[in-house]
Amino acid sequence: MEASFLSAVVLPTSLAIIMLGMGLSLLPEDFQRIKKYPKAVSAGLISQLVFLPIIGFIVATVVPMQPEIAMGLMIIALCPGGASSNIITFLAKGDVALSVTLTAFSSVITVLTIPLLGNLAYQHFIGTSGAIAIPIGKTILQIFLMTLFPIGLGMGLRQIFPEFALSLEKVTNRLAGALLAIIILLLTIREWQRIPDLIQQVGVGVVLLNTISMFTGFCISKLLKLNPAQQICITIEVGLQSGSLAIAITAGLLKNPEMAIPAAVYSLFMYLTGFIVICYGRKLAATNSL
């Protein structure tokens, strides 16, 4: 499969399917939950949209790595929580309603923050000797078409054809997972000879970004005295980013497969920490039920 076909067709299509599946699971009420628990929603969004990029910038600056790898790590830190965060929150006995709300709001907000902050990150890590590789207006439009449009379409289908939407959601979720696995596999095959060196570079950064961000989300929610289910939810939302969107931006919009390596590695590693949180959350839920 040619690189141009992967970046121009497979990546955007895969992301659109993932976002369509997310939209099929959303209801208008999900965007109104901020009125019910504003403190929890605010804590989650601030942790994800403010603290996570700061953590990402510090890690990408302090840990020795190539500029393209550092930029790829920053893109992950700028992405919203993925659909996987909702599933893992459910398995960890976290607040699923809060998880869906945070994912929905962050998906909307990051349409603007990714191009703006990503452009600044590109200037810092890559340099300004050439043309800036992230045209803000074009990128906003492309991210809108890959994320908000399919989410809105999914929500519309859910309202008009609820039974069909529920059956379609199961199909899109399976298809999305398969496509993401194929994308990571193709990127791995393409960069196979350089993988050991790239993992050596990005491994430490990925581990630090994931673990520090999850710990930050947990501490903030603990400090604000949110209930255990909300603490679990925010920990997961801040730590599990949309690897598919990060890959679509780096390998697709920026046409730089090397920048996509951190997203591919992160997409795998975050499930390990996600599994740990699942074990902790279920144990906590069992203890509190006694």
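Notes on the structure follow. (Residues numbered from 1 in each chain as written. Predicted model: local features only at pLDDT ≥ 70, side-chain atom pairs only at ≥ 80, totals over all residues. Heavy atoms only, no water.)

1. Thoughts on the overall build of the protein chain
Check the secondary structure of the protein chain and you find eleven helices and zero strands. In sequence order, the protein chain lays out its α and β elements as α-α-α-α-α-α-α-α-α-α-α. A sequence separation of at least 24 residues applies to 84% of the contacts in the protein chain between residues at least 6 apart. Looking at the protein chain as shown, the accessible area adds up to about 13100 Å², and 72% of this sits on carbon and sulfur atoms. (Helix = DSSP H or I, 4+ residues; strand = E, 2+ residues; numbered from the N terminus. Contact = heavy atoms within 4.5 Å. Areas by Shrake-Rupley, 256 points an atom, 1.4 Å probe, with all protein chains shown as cover.)

2. Looking at the side chain of glutamine 231
Locating glutamine 231 in the fold gives a position in helix α9 (residues 228-239). Once you skip the residues sitting within four places of it in the chain, glutamine 231 turns out to touch Phe218, Ser221, Lys222 and Leu226.

3. Focus on a nonpolar patch on the surface
There is a patch of nonpolar side chains on the surface, built from Ile46, Val50, Phe51, Ile54, Phe57, Ile58 and Val62 and spanning about 600 Å² of accessible area. With respect to the helices and strands, the residue isoleucine 58 is situated in helix α2 (residues 38-62). Residue classification places isoleucine 58 among the partly exposed positions, given a relative accessible area of 47%. (Patch = residues over 30% accessible without salt bridge, like charges linked within 9 Å, V, L, I, M, F, W, Y side chains within 5 Å. Salt bridge = Lys/Arg side-chain N within 4 Å of Asp/Glu carboxyl O. Buried < 20%, exposed > 50% of the residue type's maximum accessible area, 1.4 Å probe, protein only.)

4. A short note on the packing of helix α3 (residues 67-78) against helix α5 (residues 96-125)
At a minimum axis separation of 10 Å, α3 and α5 run at an interaxial angle of 160 degrees. The angle between α3 and α5 falls in the class roughly antiparallel. Relative to α5, the crossing made by α3 is right-handed. Between α3, through Pro67, Ala70, Met71, Met74 and Leu78, and α5, the contact on the second element is made entirely by Thr110, Ile114, Leu117, Gly118, Ala121, Tyr122 and Phe125. Class assignment of the residues belonging to the contact of α3 with α5 gives a composition of ten nonpolar, two polar and no charged. (Axes fitted to C-alpha atoms, helices over the stretch in contact; angles between N-to-C directions. Parallel < 35°, antiparallel > 145°, perpendicular 65-115°, else oblique. Left-handed = near helix turned anticlockwise from the far one by under 90°. Nonpolar A, V, L, I, M, F, W, Y, C, P; charged D, E, K, R; others polar.)

5. With respect to the packing of aromatic side chains
For the structure shown, the criterion picks out two aromatic pairs. Look at phenylalanine 57 and phenylalanine 125: their rings are 5.8 Å apart centre to centre, the planes differ by 55 degrees, and that puts the pair in the tilted class. Note that phenylalanine 57 is positioned in helix α2 and phenylalanine 125 in helix α5, a separation of 68 residues in sequence. For phenylalanine 57, a relative accessible area of 34% gives the class partly exposed. Overall, phenylalanine 125 belongs to the buried group, its relative accessible area being 12%. Centre to centre, the rings of phenylalanine 218 and tyrosine 280 are 6.4 Å apart; their planes meet at 85 degrees, and the pair counts as edge-to-face. Of this pair, phenylalanine 218 sits in helix α8 (residues 195-223) while tyrosine 280 sits in helix α11 (residues 257-288), and the two are 62 residues apart along the sequence. On the basis of relative accessible area, phenylalanine 218 is assigned to the partly exposed category, the value being 22%. The class of tyrosine 280 is partly exposed, set by a relative accessible area of 40%. (Phe/Tyr/Trp six-rings, centres within 6.5 Å; stacked < 30°, edge-to-face > 60°.)

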